[in-house]
Every structure is written in structure tokens, then in C-alpha cells.
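Okay, here's what each chain looks like letter by letter:
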Amino acid sequence: MLALAKAGGPHAALAARRAAWLAERQDPALAREALKVAIRLEPQDPAPKLALARLAAEQGDLAGAASAARDVVAETTDQPARARATFMLGEIARVQGDRPTARGHYAETLRIEDRLLAANRSDPTAARWYARARGRLAELDAVDGDRSRARTGAEGALAMLRAAAAGIGEPPVLAADIADAEMRLGALELDDGEPASARRRLGEAIGRYEALVVTEKDEPHWRAVLSDAWALAAEADYVRGAADRAREAMDKALQTRLRLAARDPREAFALAGTWRLRSALLSAIGDNTGAADSLQQARNLAEQLARPPCPDAPARFLVHTLLDQADQALRANAINAAREAADTARAHAEDYARAPNAAPVWFTDVAAAWDRLGEVARLARAQVQAQEAFARATEFRRMALEREPKNTQSARGLAAALVKQGEAALEAKAYAGARASFQESAALRLSLFEANQDDPRTAQALAVALERLGLTAQAQGDIGTARAAWEEELVLADRIFATDDDIEGQRFRAIVEAHLSGVAGADSERYRTSALARFDDLAKAGVMTEREAALRKRLWGG
């Protein structure tokens, strides 16, 4: 067929298109060659250019896909084709992490489709592509933190698709778009604390995806999104307290991924991720054995994917799988298993961190591994080893920050590592080292707080460092520094908690005031009285812990 097209003649372009269609699944390279022949024979026809762009994107050639899509935008006056090409450019920018560019392309797609709909409001194809672009913009709004706009956009996209379906029914392409829109809105509702509504929407999406799996057996995409939908449904079931249904849904997600991986080895990465998700769910519902088994399955796959030489992504996936394995073992008090997983993660991460011009993330991964080794030593009551491990974690966090001095996440990571290092030193009664660590952490967190004073998480992180600094100063007999640290911490309560009667705010203030009652001189009695009143409120609300009850008893002089 391709030879016929190359020979020329009145039907050559049609022959080239047919050759591309026939070769697309079995030989994508041949299909691309055939499409290029079709483009040469009919340069004004946008259809083969769009097909070439799609095929290039599916093969991972994003540059080639973008080039073909830009040709359509620049060279054709066919508005539906221009809208498809513009949307495709938005998809490429989104995958590459360029959200502003993606947003611009999606917005342009909306403008083109809006003009088409103005000319024909009953055009289901224009409505479908308009809804697709609006849905993508909603996803970008959610990433950017504009939840209200994201919900409005997602709801609008779904409403438009349902209106189109009311007019023409649900052919597969429209059913797929409705399923995507339901899943998008369900994910947003789940994030907004509406698990029941989210589960209903995800059920709608799952039903359509399952139908598409049956009607389009050779299209793996439907199984992939079906697995994702079941995983989200499992999360929704867990949040609404249906643990058994959550496990059932997650197992369906896993089975779908297993079938995909059996057909295509490239699906191993996604399968490993699903095993990790299953482990997290089982751990949350108290099945530590199942969680450990799932993580081992994920690790087995990750080790295959990360065989050297390999790109950074599978190598980091392996490291993070090992860290998850260490965390799960720590929760189960399995010291030896935790140590083995954390030390293996450390060895892998250090191999990459030693490379010239290593990415800063490798230093943070090494630090995370040393942090887990510190937790293992702490669990084993090996104070010296714990101090050494947390100190190494701190140094690798420091190296990561030195590589990227303006990286806020790296600064937060170093501040957190310093707190852990200080706590280990405090437990070992190495007060000078503990104080130095807490002071440096407080200084870092103060800078972060001053840069963003409206963020309660930043304020709370600073409060933690100040509390530990106060405890260390008190242990050293430096009452003045202890009082100053705790009074600064108390002031931060107004930044951390929205209202004065917040239960957690009451707990926070009560503990800090209890600290101050022992160091505040003439004001000690005032702080003691206030702390007791707050503890009484906690007791009446039935939320007082045993530790807080003991502290209240001590304040009473018992």
C-alpha cells in the first residue's frame, strides 16, 4: 500500500492514509512514514498532520509531535483542525510541566471552539472539545490552588458533555469524555472532603470505562484509566469508613494493572506504583502483613526497572519504594527489615549522588535514607548510632540547599533534619549540640515564616523548633532563653489556629503555658492558671491524652 502511494497517481494520498492506518499498531515507524507521504501529496489537508502529531506523541517524540501540531496551526484555516492541534500543544506542554504555556493553549482552544459553537450550538464535536479544554484548565486551576475555580470548570465541562449526550446519545468517544469528566470531578470532591459524592461519580466513570474495555479490546488506555478510577474509588471508600469496599476496589485496580502488564512490559512501572498504593491502603486499615507483601512486590518490579544503566526516574522510584518499605517496617517494629530497606536505599542514592553534577534531589534522597536509619537506631535504643545517622541526614540536606540556595523545599528539609538531630542529641543529654541544632532550625524557619506569614504550616514548624530550643535551654539552666523561646511560640498560636476556641489550639496553648509556668517568674502563676483552664476544657471535651492528664496533675501539684 505504501509502495502504491509512493508511485503517485490520483489515489496515492488515499493509499498513504490507508497504509498508515494499517501499520499504526504493529509498526508505528512505518505508519509515520506513510503519513509523511500523505502530507507531501496533500500539503493543505490537516488530517494527516494531526495523525502524525498524535502518533509521534504516543511514541514519546514530543518534539516531533509539537512540530506537526504547530504546522497545522500555522498553515490551515480549518478551525476544528486548528483547535485539535492547539489542544495537542497544550497536552505536550502539560506533560513537560510548563503549566503557563499549557494554560495558554487550552484557553485558545476554548476561544476557537466557542466561535464554532456560536455558529452552531448543536455541534456535539465542538462541545466535546470545548469541554475537554475546560476540564484541563480546571486541572491546572486545582494544581495552582484555586479550588473554587477548578470545581466550577470541572462541573461546567461535565454539564456540557451531558447536554451533548442528551442530544445524540453516548457514542464511545463521548462516553469516554464523560467518564474522564466524572473522574476529574470525583477527584476534586475527594480532595475537598466529599467522599460519598466522589465515590458516586467514580462509580459512573468506572461503568463507562468498563464498557469501553469490552467494546475496544485492543485499546490499552481504557484499562489504564479504569485502574486509576478504581484506585481513587478505593481512597473514597476508605475516607468514608468502608474499609472492606476500599480493599475490594484497590484489588480491582491491581488486577486491571496486572492484565495490562502481562500484555505490555512497559506497564511494569505503573504496576509497581499500584502495588505501592495498595500497600499504603492496607497499612492504613491495619493489615501490616498485606502492606509489607505489597511493598515487596513493588520493590521486586522497581529493582528490575532500575537495573543500570537507567534514567534517574526508575532509580528514584526504587529508592522511594525502599524508603516506603523502611517506613512500613518501622511502624511494625520490624527493626532488621527497616534497617535493610533503608540501608539499601542509602547505597542506591549515594551511587547517584556521587556522580559529577548530580541533581540536588539525590542529596535529599540520601538524607531521607539516613533519616530512616536514625529512626531504626532510635527504635533500637542505640543513641550514638541515632545521633550519627541524623547528623549525616542533616549534612546531605545542607548539601542539597547549597546546590539550590533559593529552593524553599530544601530549606524546609534542612530545618526538619536539624530538629531531628537536635532531638537525638537532647535524648542523649548532649545539650550543647542539641541547642545548636534547634537554634539553626529556628533561624531557618523564622526566615521562611517572615517570607510567608499567612501560612499556618510555616508558623507551626517554627513553633516546633522554638519549643525544642526552650526545652534544651531549660535543661541547661538558661531560664531566660527558655522563657523567650516559649513566649515567642505562644504568640505564634494566633497564626497557626483560626479561632481561639479551636481544640488543637487549646491543646497547643495549654502545653506552652505549662512550660512557661516553670520559668516565667512573677508571671508563672498566671500561666499555670491559664494552662489548667485549657486542660479542663480538653477534659470536658473528652479529648485529653494521658500525657496531658499527667501534666495537668503536675500543675496542680499532684
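Sequence positions are assigned chain by chain, starting from 1 and proceeding in written order. The predicted nature of this model means local features are confined to residues of pLDDT at least 70 and side-chain atom pairs, given and counted, to a pLDDT of 80 or more, with totals for whole chains, interfaces and linings taken over all residues. With hydrogens and water stripped out, all remaining heavy atoms of the structure feed into the side-chain values.

## So, the overall build of the protein chain
Phase 1 of the analysis: A tally of regular secondary structure across the protein chain gives 26 helices and zero strands.
Phase 2 of the analysis: For the protein chain, the spread of C-alpha atoms along the three principal axes comes to 100 × 50 × 45 Å.
Phase 3 of the analysis: The buried label applies to any residue whose accessible area, calculated with a 1.4 Å probe on protein chains only, is under 20% of its type's maximum; exposed applies above 50%, and partly exposed to all values in between. Looking at the protein chain as a whole, 47% of its 558 residues are labelled buried.
Phase 4 of the analysis: It only takes one pair of heavy atoms within 4.5 Å for two residues to be counted as in contact. Contacts in the protein chain between residues far apart in sequence, at least 24 positions, make up 55% of those at least 6 positions apart.
Phase 5 of the analysis: Charged-residue counts in this description rest on Lys and Arg as positive and Asp and Glu as negative, His and the chain ends being excluded. Lys charges are placed at NZ, Arg charges at CZ, Asp charges at CG and Glu charges at CD. If you average the places of the 77 positive and of the 82 negative side-chain charges in the protein chain, the two averages end up 2 Å apart. By definition, any uninterrupted DSSP run of H or I lasting at least four residues is a helix, any uninterrupted run of E lasting at least two residues is a strand, and each is numbered from the N terminus.

## Remarks on the environment of Asp-536
Phase 1 of the analysis: Locating Asp-536 in the fold gives a position in helix α25 (residues 524-541).
Phase 2 of the analysis: Asp-536 gets classed as partly exposed once you look at its relative accessible area, which sits at 24%.
Phase 3 of the analysis: Considering only alpha carbons, one finds Asp-536 and Ala-549, 13 residues apart in sequence, at a separation of 9.5 Å.

## Some words on the environment of Ala-246
Phase 1 of the analysis: As for its position among the elements, Ala-246 is in helix α13 (residues 243-263).
Phase 2 of the analysis: Through-space distance from the C-alpha of Ala-246 to that of Leu-466 is 41 Å; in sequence the pair is 220 residues apart.
Phase 3 of the analysis: When near neighbours in sequence (up to four residues on either side) are disregarded, Ala-246 contacts Ala-234, Asp-237, Tyr-238 and Leu-281.

## Some details on the packing of aromatic side chains
Phase 1 of the analysis: Pairing of aromatic side chains here covers Phe, Tyr and the six-membered ring of Trp, requires ring centres within 6.5 Å, and sorts the geometry by plane angle: under 30 degrees stacked, over 60 edge-to-face, intermediate tilted. Inspection of the entire model under this criterion finds seven aromatic pairs.
Phase 2 of the analysis: Where Tyr-352 meets Trp-362, the ring centres are 4.5 Å apart and the plane angle is 15°; that geometry is what we call stacked. Pair noted here: Tyr-352 is in helix α17 (residues 335-353) and Trp-362 is in helix α18 (residues 360-379), with a separation of 10 residues, a long-range link.
Phase 3 of the analysis: For Tyr-352, a relative accessible area of 22% puts it in the partly exposed group.
Phase 4 of the analysis: With relative accessibility at 1%, the residue Trp-362 sits in the buried group.
Phase 5 of the analysis: Connected via pairs of aromatic rings, a cluster forms that spans Phe-87, Tyr-106 and Trp-129.
Phase 6 of the analysis: Just above the ring of Trp-129 sits the side chain of Arg-132; from NZ or CZ to the centre is 4.4 Å. For a lysine, the NZ atom is tested; for an arginine, the CZ atom; a charge sits over a ring if that atom is within 6 Å of the ring centre and within 35 degrees of the ring normal.

## What about the side chain of Gln-325?
Phase 1 of the analysis: Within the secondary structure, Gln-325 is located in helix α16 (residues 312-331).
Phase 2 of the analysis: Judged by its relative accessible area of 11%, Gln-325 is buried.
Phase 3 of the analysis: Identification of polar contacts relies on pairs of N or O atoms within 3.5 Å, with a donor-acceptor requirement for protein atoms, meaning one able to donate a hydrogen and the other able to accept it, and with residues adjacent in sequence counted only if both atoms are side-chain atoms. Among the polar contacts made by the side chain of Gln-325, one reaches the side chain of Arg-299 at a distance of 2.9 Å.

## Digging into unusual backbone geometry
Phase 1 of the analysis: Here the bond from Pro-308 into Pro-309 is cis, since omega is -5°, no more than 30 degrees from zero.
Phase 2 of the analysis: Along the chain, Pro-309 turns up in the loop between α15 (288-305) and α16.
Phase 3 of the analysis: Phi is positive for Asn-357, close to 55°, though the residue is something other than glycine.
Phase 4 of the analysis: Residue position: Asn-357 is located in the loop between α17 and α18.
Phase 5 of the analysis: Of note, Arg-381 is a non-glycine position whose phi angle comes to about 60°, a positive value.
Phase 6 of the analysis: By the secondary structure assignment, Arg-381 is in the loop between α18 and α19 (383-403).

## Overview of α19
Phase 1 of the analysis: Each residue after the first adds 1.5 Å to the expected span of a helix. If you check α19, its first and last C-alpha atoms are 31 Å apart, about what 21 residues at 1.5 Å a residue would give, namely 30 Å.
Phase 2 of the analysis: Those residues of α19 that fall on the buried side of the exposure criterion are Ala-386, Ala-389, Phe-390, Ala-393, Thr-394, Phe-396, Ala-400 and Leu-401. What you see down the axis of α19 is that its buried residues fit within an arc of 165°, all on one side. Summarising the geometry of α19, the exposed residues directed more than 90 degrees from the buried face are Val-384 and Glu-402.
Phase 3 of the analysis: The secondary structure elements touched by the buried residues of α19 are α17, α18 and α20 (408-427). This arc describes the spread of directions from the helix axis toward the C-beta atoms.

## Observations concerning the environment of Thr-101
Phase 1 of the analysis: By the secondary structure assignment, Thr-101 is in helix α7 (residues 99-119).
Phase 2 of the analysis: By relative accessible area, Thr-101 is classed as partly exposed at 33%.
Phase 3 of the analysis: Considered as a pair, Thr-101 and Leu-89 are 12 residues apart in the sequence and their alpha carbons are 8.8 Å apart.
Phase 4 of the analysis: Separated by 2.6 Å, the side chains of Thr-101 and Asp-98 make a polar contact.

In short, shape yes, function no, at least from these values alone.
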